[in-house]
Amino acid sequence: MAEVVVIGAGLSGTLMAYELLPQLRKDDHLTVVSQGAVYHFVPSNPWVAVGWRKQSDIEIDLIDIMKRKGIRLLTQGAQRVHPSENEIELSDGSSINYDYLVIATGSELAFDEIPGLGPQGFTQSVCHVDHATHAKEAFDKLAANPGPVVVGAVQGASCFGPAYEFLFILETELRRRKLRDRVPMTFVTSEPYIGHLGLDGVGDTKGLLESEMREKHVKWITNARVKGIEQAKMSVEELNEDGSVRKTHELPFAYSMMLPAFRGVGAVRGIEKLANPRGFIIVDKHQRNSAFPNVLAVGVCVAIAPVGATPVPVGVPKTGFMIESMVTATAQNIGSLLRGRPASAEPTWNAVCLADFGDSGVAFLAQPQIPPRNVNWSSKGEWVHYAKVAFEKYFLRKIRRGDSEPSYERFVLDKLNIAKIKETRTGT
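What counts as what
- Residues numbered from 1 in each chain as written.
- Predicted model: local features only at pLDDT ≥ 70, side-chain atom pairs only at ≥ 80, totals over all residues.
- Heavy atoms only, no water.
- Helix = DSSP H or I, 4+ residues; strand = E, 2+ residues; numbered from the N terminus.
- Expected span 1.5 Å × (residues − 1).
- Buried < 20%, exposed > 50% of the residue type's maximum accessible area, 1.4 Å probe, protein only.
- Axes fitted to C-alpha atoms, helices over the stretch in contact; angles between N-to-C directions.
- Left-handed = near helix turned anticlockwise from the far one by under 90°.
- Contact = heavy atoms within 4.5 Å.
- Nonpolar A, V, L, I, M, F, W, Y, C, P; charged D, E, K, R; others polar.
- Pairing = 2+ DSSP bridges.
- Polar contact = N/O pair within 3.5 Å; in protein donor to acceptor, adjacent residues only side chain to side chain.

Colleague: Explain helix 7 (residues 320-338) here, please?
Modeller: Given 3.6 residues per turn, any residue in an α-helix points the same way as the ones three and four places further on. Here helix 7 is 19 residues long and its end C-alpha atoms lie 27 Å apart, about the 27 Å a rise of 1.5 Å per residue gives. Counted residue by residue, helix 7 has 17 buried out of 19 residues, so it is predominantly covered. Looking one or two residues beyond helix 7, the residue adopting positive phi is G340, at roughly 80°.

So this is what it looks like as structure tokens:
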């Protein structure tokens, strides 16, 4: 009998639990440790922030689902992982032991690294549904008293898609309310160019997104380092390629949403050989930590090196399908380890993304996500918006059913030649 524990019940942790169950032996136990019992669909947060969704529309209570599937759910959260003792200290002072641990905690939002950043400061966020709800209240004030808007992502950020999505969703809603002519908009990003996305672009994301910004009269500043934020004012340095300051900007705003940098959560940050200096989990090609081989990790908490040097620090995003490929490989590897076989499954890290702009959007396919790629494609159109709406409904249904990959999803992915696990090649 083995005790298998997953820390986290967001996208990666919930799917991880669902995919692990079929891999366990009859007498193995599965426990999920989470901060609370509610799952929320993060990609819908930009819609919540402008009132297109309510918080309750994108939340799911996991208690009954986990119970039905025979998974023990502990909702007090993890205080500290002790990998040398195979123990997790929980936030209520109790502890549990494990034979295999999957870290799927997501990340901590590093608002404190820039003065005035975040919901406790002077800018909004769509990283969590609670933040998005707060952002909706601020948006209502903007609608009542229009003024300049600044949207973007600060230095060290690694998740740029939601910044672009929110920019254009906000722009769409302002046009619908006939307020757009009273709201100058500026996009501020640490990326070296528009559409970089932390991935050195995918297909023609640079051209597509720049074109969209010109069409929508949005100004932009790239290679941007945010120095500080005060009430209604953001101080930004625009850097040259050599890292020197090219220009400084004092941007007034009536409303701002800026994505922060991420770091590892406190439960794992600072653990030597498990986490890097930023607190992200170090894993090999099988999602396994080499110092503690019974610890694996999936999702946003995984350490991934940047795709290249940039004047301002830019992280690599962990996109939804990429995370799903990590989850599938990790589940298969734990199944093998439980049966005395080596871990051999490798995730493809392929990326399939839909970025909604409210009345259009951009889709891209990167195989793999990190260049160089076998497939490098992007496309723009109204169809992306409707595809994103359909995906939201489909994914929430999948979570409610407790099914990580229904048979028809596998069929479609197979027909599109989009794989989660790398093919095993043998020499001749």
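Now that the structure has been shown, we can carry on.
Colleague: When you look at the packing of helix 1 (residues 11-20) against helix 7 in this model, what are you seeing that I'm missing?
Modeller: Helix packing geometry: the angle between the two helix axes and the distance between the axes. Between helix 1 and helix 7, whose axes approach to 9 Å, the crossing angle comes to 35°. For the pair helix 1 and helix 7, the sense of crossing is right-handed. Here helix 1 contributes L11, S12, L15, M16, E19 and L20 to the contact with helix 7, which in turn contributes G320, I323, E324, V327, T328, T330, A331 and I334. Of the residues in the contact of helix 1 with helix 7, the class split is 8 nonpolar, 4 polar and 2 charged.

Colleague: Could you clarify how one ought to interpret the sheet that holds strand 21 (residues 361-367) in this entry?
Modeller: In sheet architecture, strand pairing relies on hydrogen bonds along the backbone and comes in two forms, parallel and antiparallel. The strand order across the open sheet built from 3 strands is 20-21-22, with neighbouring strands paired in antiparallel fashion. The open sheet is flanked by strand 20 (351-356) and strand 22 (375-380), the only strands paired with a single partner. Going from strand to strand, the sheet's axes swing by 10° on average, the running direction of each strand aside. Bridge count between strand 21 and strand 22: 6 bridges; the pairing is antiparallel. Bridge assignment links A366 to a residue of strand 22, and that residue is N376.

Colleague: When you look at the environment of D403 in this model, what are you seeing that I'm missing?
Modeller: As for its position among the elements, D403 is in the loop between helix 8 (382-401) and helix 9 (407-415). Residues D403 and T14, 389 residues apart in the sequence, show an inter-C-alpha distance of 10.0 Å. Those residues in contact with D403, other than ones at most four positions away along the chain, are Y18 and K398. A polar contact of 3.3 Å, which involves the side chain of D403, links it to the backbone nitrogen of E405.

Colleague: Just checking my understanding: could you explain the sheet that holds strand 12 (residues 185-189) for this structure?
Modeller: With parallel pairing, the 4 strands of this open sheet are ordered in space as 13-12-11-17. Each end of this open sheet is capped by a strand with a single partner; those strands are strand 13 (218-221) and strand 17 (255-259). Averaged over all neighbouring strand pairs, the angle between strand axes comes to 15°, with direction disregarded. Pairing of strand 12 with strand 13, which is carried by 4 bridges, proceeds in the parallel orientation. Each bridged residue has a counterpart across the sheet, and for F187 the counterpart in strand 13 is W220. The strands that helix 5 (residues 161-176) touches are strand 11 (149-153), strand 12, strand 13 and strand 17; relative to strand 12, the one it contacts most, it runs at about 175°.

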